[in-house]
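# Coordinate inspection notes
The chain contents come next:
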Amino acid sequence: MAESTAQAVAPEALTSGGHGSRPSRASTSLRRGLKWLGVVPFGVYVALGLIAPFVAIAIAAFKNSSTGALTLSNFHTALHGTYLLGLRTSLVLSIATAIVPGIFGLLIAYAIFTAKRGNALRQVVITASGVFANFGGVPLAFLFIATLSTTGIVTGWIKDLSGVDIWNHGFTLYSAYPGLFVVYMYFQIPLMVLVILPALEGLRPAWREAAENMGAGTWQYWRYVGGPVLLPSFLGCLLLLFGSAFAAYATAEALTGGTVALTPIQIGALLNGNVVAGQENLGYALGVIMVVIIAIVMIIYTIMQRRAARWLR
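Residues numbered from 1 in each chain as written. Predicted model: local features only at pLDDT ≥ 70, side-chain atom pairs only at ≥ 80, totals over all residues. Heavy atoms only, no water.

Right, let's get into empty space enclosed by the protein. Summed over all chains, the structure comprises one cavity of 30 Å³ or more. Approximately 40 Å³ is the volume attributed to the largest cavity. Around the largest cavity sit S90, L93, S94, Y184, A245, F246, A248, L262 and P264, which together line it. Of all the secondary structure elements, the ones that give two or more residues to the lining of the largest cavity are α5 (81-114) and α11 (218-246). No other element matches the three residues that α5 contributes to the lining of the largest cavity. Across the lining of the largest cavity, the residue classes tally to seven nonpolar, two polar and no charged. (1 Å grid on protein atoms, 1.4 Å probe; cavity = no way out; pocket = protein on both sides within 12 Å on 5 of 7 lines; lining within 4 Å. Points joined across faces, edges and corners; volume = space filled by probe spheres on them. Helix = DSSP H or I, 4+ residues; strand = E, 2+ residues; numbered from the N terminus. Nonpolar A, V, L, I, M, F, W, Y, C, P; charged D, E, K, R; others polar.)

Structure below.
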């Protein structure tokens, strides 16, 4: 009886004992290691492409250009005078070119959303938005110079049809307002269409049907159901547009020739030595300020996206 009991217990002891559990733990660790292995290339990319450059820029920003000693004078200069004006202009322009294109982009995206899925116009608008959202730099500046400059095609058409020369009534391409504002609208509106359309498609038809069954009209549906669900995604898209406009450099530089006080243009001028030689560290300080602002915006954007994902799963 004792032998049979020992034989019956022995397999369980072997299975549940310390030696038998090792393969299970090893396989679990192996699975976890394989999961993290897929993240390694992205981690290397982030470390080499984002973290390492930012650390190098931050270190240089706290150094004196002449002596190499640690100092806060670069940040003091960056937050005063013409550089503070450039930062303020960049922020105001970015906010304006986020809100206005955000509203227009939302309306266009809603029109696409309500169209039939197989509609050819829907596909054309989505494809065109993808092209226009990635069109910028020198080609975009040349496009607007050829279109809305003093001798531009559209300027000539307006003058021929109405007899009004828009350049004699305060319009100019070579300023922050209305020049860069109009130019940024060109790629900001399509970008808004692309990023808000998935959020609109995440609204479930059953929600609207349930609201209508409860006697709610269109206004009540958007006020109490669709609007609150869509609001985090909309605010997140506005933050994304803000970051896109705030970091834009090539278009503004090519269009204005660096005459507008914008932080990206000022950084480029300092690093190229176009203002005063040996002021690269001041440019690094402006770069750190921009990175901090963009980081704050992206953190808020991530929070908004997570909140929106709760409803759109």
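Contact geometry of helix α6 (residues 120-133) with helix α9 (residues 176-201) gives a least axis separation of 7 Å together with a crossing angle of 130°. Classified by the angle their axes make, α6 and α9 are oblique. α9 is crossed by α6, and the crossing has left-handed handedness. Taking contact as the criterion, the partners of R122, I126, S129, G130, F132 and A133 in α6 are, on α9, Y186, F187, P190, L191, V193, L194, L197 and E201. Class assignment for the residues of the contact of α6 with α9 results in ten nonpolar, two polar and two charged. (Axes fitted to C-alpha atoms, helices over the stretch in contact; angles between N-to-C directions. Parallel < 35°, antiparallel > 145°, perpendicular 65-115°, else oblique. Left-handed = near helix turned anticlockwise from the far one by under 90°. Contact = heavy atoms within 4.5 Å.)

Residues L50, I51, F54, V55, I59 and V291 make up a contiguous nonpolar surface patch of roughly 500 Å² in combined accessible area. Of all the elements, helix α3 (residues 40-61) adds the most residues to the nonpolar patch, at five residues. One can find L50 in helix α3. (Patch = residues over 30% accessible without salt bridge, like charges linked within 9 Å, V, L, I, M, F, W, Y side chains within 5 Å. Areas by Shrake-Rupley, 256 points an atom, 1.4 Å probe, with all protein chains shown as cover. Salt bridge = Lys/Arg side-chain N within 4 Å of Asp/Glu carboxyl O.)

Let us look at helix α13 (residues 263-272). The buried fraction of α13 amounts to eight of the ten residues, a majority that puts the element mostly inside the structure. When we look at burial in α13, the residues that qualify are T263, P264, I265, Q266, I267, G268, A269 and L270. (Buried < 20%, exposed > 50% of the residue type's maximum accessible area, 1.4 Å probe, protein only.)

Glancing now at the environment of L200. By the secondary structure assignment, L200 is in helix α9. Note on L200: relative accessible area 1%, which makes it buried. Separated by 26 residues in the primary sequence, L200 and G226 place their C-alpha atoms 9.1 Å from one another.

Moving on, we come to the pattern of salt bridges. If you walk through the whole model with that rule in mind, you get one salt bridge. With a shortest N-O distance of 3.8 Å, R208 and E212 are connected by a salt bridge. Residue R208 and its partner E212 are located together in helix α10 (residues 205-213), separated by four residues, close to a single helical turn. The class for E212 is partly exposed, based on a relative accessible area of 48%.

Overall, the prediction assigns the protein chain a mean pLDDT of 81, with 85% of residues at 70 or greater. Mean pLDDT values for the elements of the protein chain range from 46 in helix α1 (residues 2-16) up to 90 in α5. Below pLDDT 50 for its whole length, residues 1-22 participates in four contacts with residues either more than four positions away or in separate chains. (pLDDT = per-residue confidence, 0-100.)

So, on to unusual backbone geometry. In this chain, Y177 is followed by P178 through a cis amide linkage whose omega measures 0°. Residue position: P178 is located in helix α9.

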